[in-house]
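Close look at the chain arrangement
Each chain is listed here by its residues.
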Amino acid sequence: MSTTTTTRRLTMAQAISEATAQEMARDPRVFVMGEDVGKYGGIFSATTGLLEQFGPERVMDTPISETGFMGAALGAAAEGLRPISELMFVDFFGVCFDQIYNHIAKNHYMSGGACKYPLVITTGIGGGYNDAAQHSQCLYSIFAHVPGLKVVVPSNAYDAKGLMTTAIRDDNPVIFLYHKGIMGLSWMSYFEGSTNEVPEAQYTIPFGEACVVREGSDVTIVTLSQMVQKSMLAADQLATEGISAEILDLRTLVPLDRAAVLASVAKTGRLLVADEDYLSYGLSGEIAALVAENLDTLRLKAPVRRLAVPDVPIPFSHPLEQFAIPQVDNIVASVRGLMTFKLD
Amino acid sequence: MQATTEQLLWMYEKMVEIREYEETMAKVYLEAKLPPKIQKGLAFDIGAGPVPGEMHLAAGQEPVAVGVCAHLRRDDTVVGAHRPHHFAIAKDVDLNAMTAEMYGKATGLGRGKGGHMHLFDPAVKFSCSGIVGAGAPQACGAALAARKLGTDAVAIAFFGEGAANQGAFHEALNLAALWKLPVVFVVEDNKYGISVEKSASTAIASNADRAVAYGMPGVLVEKNDAVAVFEAAGEAVARARRGEGPTLIEVKTDRYYGHFQGDPETYRPKGEAKALRQHDPIPALGALLRSRDLLDDESDAALRTRVSARVQAAYDFGRNSPYPEPQDALLHVFAD
Ligand SMILES: Cc1ncc(C[n+]2csc(CCOP(=O)(O)OP(=O)(O)O)c2C)c(N)n1
Ligand SMILES: [Mg+2]
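First things first, this report covers the structure right here in the doc. All values reported here derive from a predicted model rather than from experimental measurement. (Residues numbered from 1 in each chain as written. Chains lettered and ligands numbered in written order. Predicted model: local features only at pLDDT ≥ 70, side-chain atom pairs only at ≥ 80, totals over all residues. Heavy atoms only, no water.)

For the rest of this paragraph, the subject is the sheet that holds strand 14 (residues 305-309) of chain A. Residues and elements named next belong to chain A. Pairing is mixed in the open sheet, where 5 strands are placed in the order 9-11-10-13-14. The sheet is open, and its two borders are formed by strand 9 (211-214) and strand 14, each paired with just one other strand. If you compare each strand with its neighbour and ignore which way they point, the axes differ by 25° on average. (Pairing = 2+ DSSP bridges. Helix = DSSP H or I, 4+ residues; strand = E, 2+ residues; numbered from the N terminus. Axes fitted to C-alpha atoms, helices over the stretch in contact; angles between N-to-C directions.)

Right, dumping it as structure tokens:
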């Protein structure tokens, strides 16, 4: 990025809308559809201003028919358009997952590469504001589990803009999951680290490149999305205790930057995976397995630790939800725990 | 089917109760969610206050709930959606436990696990869901069970006009007609699915017209009126109880608040909600009762005092109940 580029502080929601608008202006094949994406501008403001700029032919409010418009995204993509289809909350994937995992994810493969499906599914994830079990999940591991979907999970506005531009230009289906608690909405408390300087000009961030958002030497925290912001706060606190934490923001789960994980763990010898998805059979297990598979070259000073939702649905009540979703204090305590080991 | 005096008075009292419940919640919900005590720069904080999370209020839609539930017994099933309070109250869900649930308290229906969109009261066979369209097939299951178990219980699925564009709705209608299930589908047409007007989401004007495609009667209730709903629902429930199969009813009703509390409602014409209140169904039923000498100032005041006591007791109960222990989050994933 050239240093003469104008930047502004944007919220993640503004960055996503801007990336979409710029790509729509550049490429007439791009259009947006979903529930309340038009007049309302997206419940989480990911499409704010688009209707005014591009009109109802390119910014389409849909009926509450997720199977209908996810399937339609596939059909339109097959014809060479580049749909962006918004699933308001990721939790609603249950209504339309057949279109996503049996078709959007697999048709390219089943056609032996003959057919392409350049589409983006955007969706809101995450809890922390008492929206209970059907509106608070992350579920990115489920999408990452299915071969054929690229999975993007940004933690801040700068990354979100570059990754969204890359997503729209990708010839594959991409699922772009934004955490509601870092969008910078005016009606939900959020982690302010997610609002940052964003260049006005278009730019791309390649998929599969994790980002070291904080360098450290004692422990690696592998994380993503809102949990990056929580980890940053935890690292500040740990620093006052003389513990130096390195934070690796994965940014995309598919493709996954395995080399970055291994390089950081090789340096620190300690790994905490901080995740807001369910504990079992998910991201944290994947990262732990990656490290386990490389123990011939890695030397660990402590066992791998995982922080995630302890295999319970997200409860409504404040104290229950705070308990179920890992918080800054839990990250701090887990890292402290890691520092007590002396493997060698 | 004519409503008896008792049924008319019941509907009136329930509507008054629902309205007071929602108007109280509208205020309680806003407690501690507005500046200056929230994060700087925010206009509103959805996760703050004694009742956090989303809040979908049903003020204005009372006739749908009472007009249908007036025909129901304790052993009939009701499946509601994300805007469930009016149905819950009309189905006699425990008001204290329901309110405590919204406060996230240990004494709540779900011990604080569910919140306002996920109320379960098996004692009166009430449940609801935050997933739009999910309830219609579930009501079919309850109706199927009634038949298999040899009872004449019926099941009601309540949902919005927006939900009638979900595949689940269409699958449920076919199932119900095919299996001749004792179920009634009740669509609340409050004109909006969040910001999207029905005319922008639905290819035809009335969902009642869709019934014919599935081989069941379709009834449109064009007035947001408890007696009109009562009459349409009476036929449908009786038909279901007789084992003659399902009915689809659509009621044109009015949403007085935003989609959720805190909704800026920029999509709605200014003054629309206020204009809707000119046709408030509660005074309308009150006037009917008075015209038949079933209500006067004194009995109305007594009724309102009684209702207020119930509603305020429920809010006090919710507010004063203890929170669950944090680690209780781990309980109830599986039955023992
Ligand atoms: C499957 C699914 N899609 C989308 C939503 C988000 N959502 C919640 S309520 C709502 C509008 C529902 O409209 P309607 O069925 O008319 O009910 P109303 O809110 O008017 O009572 C939407 C889109 C959801 N909860 N579930
Ligand atoms: Mg509606």
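The structure having been displayed, the exposition proceeds.
Bringing the sheet that holds strand 3 (residues 59-61) of chain A into the picture now. Residue and element names in this part refer to chain A. If you walk across this open sheet you meet the 7 strands as 3-2-4-5-7-6-12, and the pairing is mixed. If you trace the sheet from one side to the other, it starts and ends with strand 3 and strand 12 (252-254), each paired once. When strand polarity is set aside, the average angle formed by the axes of neighbouring strands in this sheet is 20°. When strand 6 (residues 150-152) meets strand 7 (residues 174-179), the two strands line up parallel, connected through 3 bridges. Counterpart to V151 in the pairing with strand 7 is I175. This element, helix 1 (residues 12-26), spans strand 2 (30-34), strand 3, strand 4 (82-89) and strand 7 of the sheet and lies at about 135° to strand 2. (Contact = heavy atoms within 4.5 Å.)

Let's shift gears to the site of ligand 1. Among the 22 residues in the neighbourhood of ligand 1, the closest are listed as E66(A), H82(B), G130(B), N190(B) and Y192(B). Bordering ligand 1 are residues originating from chains A and B. A distance of 2.8 Å separates an oxygen atom of ligand 1 from a polar atom in the backbone of G162(B). Considered on its own, ligand 1 offers 590 Å² of accessible surface; in the complex 98% of this is hidden by protein. The residue inventory of the shell around ligand 1, partitioned by class, reads 9 nonpolar, 9 polar and 4 charged. (Near = heavy atom within 4 Å. Polar contact = N/O pair within 3.5 Å; in protein donor to acceptor, adjacent residues only side chain to side chain. Areas by Shrake-Rupley, 256 points an atom, 1.4 Å probe, with all protein chains shown as cover. Nonpolar A, V, L, I, M, F, W, Y, C, P; charged D, E, K, R; others polar.)

Moving on, we get to the packing of helix 1 of chain A against helix 7 (residues 157-169) of chain A. Residues and elements named next belong to chain A. It is at 8 Å that the axes of helix 1 and helix 7 come closest, and there the two elements cross at 30°. In terms of orientation, helix 1 and helix 7 fall into the roughly parallel class. The way helix 1 lies across helix 7 gives a crossing that is right-handed. Each of M12, A15, I16, E18, A19, T20, Q22, E23 and R26 in helix 1 lies in contact with helix 7, whose residues at this interface are A157, A160, K161, M164, T165, I168 and R169. Among the residues making up the contact of helix 1 with helix 7, the classes are represented as 8 nonpolar, 3 polar and 5 charged. (Parallel < 35°, antiparallel > 145°, perpendicular 65-115°, else oblique. Left-handed = near helix turned anticlockwise from the far one by under 90°.)

Looking now at the environment of E222(B). You can see E222(B) is positioned in the loop between strand 7 (218-221) and helix 9 (226-241). Sequence-wise, E222(B) and G318(B) are 96 residues apart; in three dimensions their C-alpha atoms are separated by 37 Å.

Glancing now at the coordination of the magnesium ion (ligand 2). Residue and element names in this part refer to chain B. Protein coordination at the magnesium ion (ligand 2): the donors are E161 (OE), N190 (OD1) and Y192 (O), at 2.1 Å from the metal. Counting the intervening residues between successive donors of the magnesium ion (ligand 2) yields the motif E-x28-N-x1-Y. Here Y192 lies in strand 5 (residues 192-193) and E161 lies in the loop between strand 3 (155-160) and helix 6 (167-178), a separation of 31 residues in the sequence. With relative accessibility at 4%, the residue Y192 sits in the buried group. (Donors = N, O, S within 2.8 Å, 3.2 Å for Na, K, Ca; no water. Buried < 20%, exposed > 50% of the residue type's maximum accessible area, 1.4 Å probe, protein only.)

Right, let's get into the packing of helix 1 (residues 5-30) of chain B against helix 11 (residues 281-291) of chain B. Residue and element names in this part refer to chain B. Close contact between helix 1 and helix 11 brings their axes to 10 Å; oriented N to C, the two are set at 150°. As summarised for this structure, helix 1 and helix 11 are arranged roughly antiparallel, according to the angle between their axes. Helix-helix and strand crossings are classified by hand; for helix 1 and helix 11 the assignment is left-handed. Judged by residue contacts, L8, L9, M11, Y12, M15, V16 and R19 of helix 1 engage P281, I282, L285, G286, L288 and L289 from helix 11. Of the residues contributing to the contact of helix 1 with helix 11, the split by class is 11 nonpolar, 1 polar and 1 charged.

Interpretation in functional terms is not warranted from these geometric data alone.
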